[in-house]
Amino acid sequence: MLDPIRNPEHERRLPGERHRLDFGNRFLDELAPLEIERLAPSLRRVFLQRDQVIVRPGETITSLHFPIDLFGWSWTETTGADRPTSVLTVGHRGVLEWNRVLEVDRGQSCVTIISPGAAWRLPIEIFEQQQPHAHSPLRRMLLRYANACILNAACRLACNSEHNIDQRLARWLLWVSDECARPEFSITHQQIAEIAAIRRPSVSLALSQFQREGLVRSQHGRLRILDRPKLEELVCRCYWQIRLNSEQVFRKENGA
């Protein structure tokens, strides 16, 4: 079977229309019309499957993937423990190869797909040609995104050491919903445990309590948020700081 990332049946090349295009990814949708028109002929819509590996350590990064409705996870093995170390999670407000803009040519962590879906793929050579300088619009946003990723990693570390499991799980569920732009997504208890750095039994116990309280529904590898306002009451302030850091990536600067 062909890798779906290269299967032409899963790809669609955009025409270079001069009207505003809706991509479903925050980075691409924030670009000015003339800026996105230059990139549009090189963008391909691809479908990425569950557990598909997009980046491996040591491999050359050849493309940028801008998620539309998928949910990806960047992780590494640095502690010698059985559980991988989570770097960040990515949805429609991000890019899977988040550190490429920092002049990292090769993968330094694994990037895999948790919840399958579509993304826009942009070859690195096109990105370098069209966005050559630090002040180029897309490159500037990606630099701010890399900065937000670092800030949010620090927030998560502080949260994991200071707040209880219910608060941490609520923060993580709200974040995933934000990144997927929908209240329901595909994920297992084991994946939540690995990504959120919470022991699997604790995840199952907390989710069972959330279900009894009518906050979420979790079954057959899918989770749905039923009462977002109550989760927002439960969550710690770390969520709101992480959300603010992420929104500042897309702030308007001098009309950019």
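Residues numbered from 1 in each chain as written. Predicted model: local features only at pLDDT ≥ 70, side-chain atom pairs only at ≥ 80, totals over all residues. Heavy atoms only, no water.

With antiparallel pairing, the four strands of this open sheet are ordered in space as 3-7-5-6. The open sheet has two free edges, formed respectively by strand 3 (53–55) and strand 6 (85–90), since each of these has just one partner strand. Strand-to-strand twist in this sheet, taken as the mean axis angle between neighbours without regard to direction, amounts to 30°. The pairing of strand 3 with strand 7 (residues 110–115) spans two bridges and is classified as antiparallel. By the bridge assignment for strand 7, Val55 is matched with Val111. Sheet strands in contact with helix 6 (residues 189–196) are strand 5 (71–76), strand 6 and strand 7, and its direction is about 105° off that of strand 6. (Pairing = 2+ DSSP bridges. Helix = DSSP H or I, 4+ residues; strand = E, 2+ residues; numbered from the N terminus. Axes fitted to C-alpha atoms, helices over the stretch in contact; angles between N-to-C directions. Contact = heavy atoms within 4.5 Å.)

Mapped onto the elements, His220 comes out in the loop between strand 10 (216–219) and strand 11 (222–225). The exposure class assigned to His220 is exposed, which follows from its relative accessible area of 79%. Sequence separation of His220 and Ser186 is 34 residues, and the distance between their C-alpha atoms is 8.9 Å. (Buried < 20%, exposed > 50% of the residue type's maximum accessible area, 1.4 Å probe, protein only.)

Bringing unusual backbone geometry into the picture now. Residues apart from glycine generally show negative phi values, whereas peptide bonds are mostly found in trans. Positive phi values are uncommon outside glycine, yet Glu103 reaches one of about 65°. Assignment of secondary structure puts Glu103 in the loop between strand 6 and strand 7. For His220, which is not glycine, the phi dihedral falls at a positive 55°.

Enumeration over the complete set of coordinates arrives at 14 salt bridges. The salt bridge partner of Arg100 is Asp105, with a shortest N-O separation of 3.5 Å. Taking the relative accessible area as the measure of exposure, Arg100 reaches 7% and is therefore buried. A relative accessible area of 44% means that Asp105 is categorised as partly exposed. Glu128 is the salt-bridge partner of Arg139, the closest N and O atoms lying 2.8 Å from each other. Here Arg139, found in helix 4 (residues 137–162), pairs with Glu128, found in helix 3 (residues 124–130); they are eleven residues apart in sequence, far enough to count as distant. Assessed through its relative accessible area of 5%, Arg139 is described here as buried. (Salt bridge = Lys/Arg side-chain N within 4 Å of Asp/Glu carboxyl O.)

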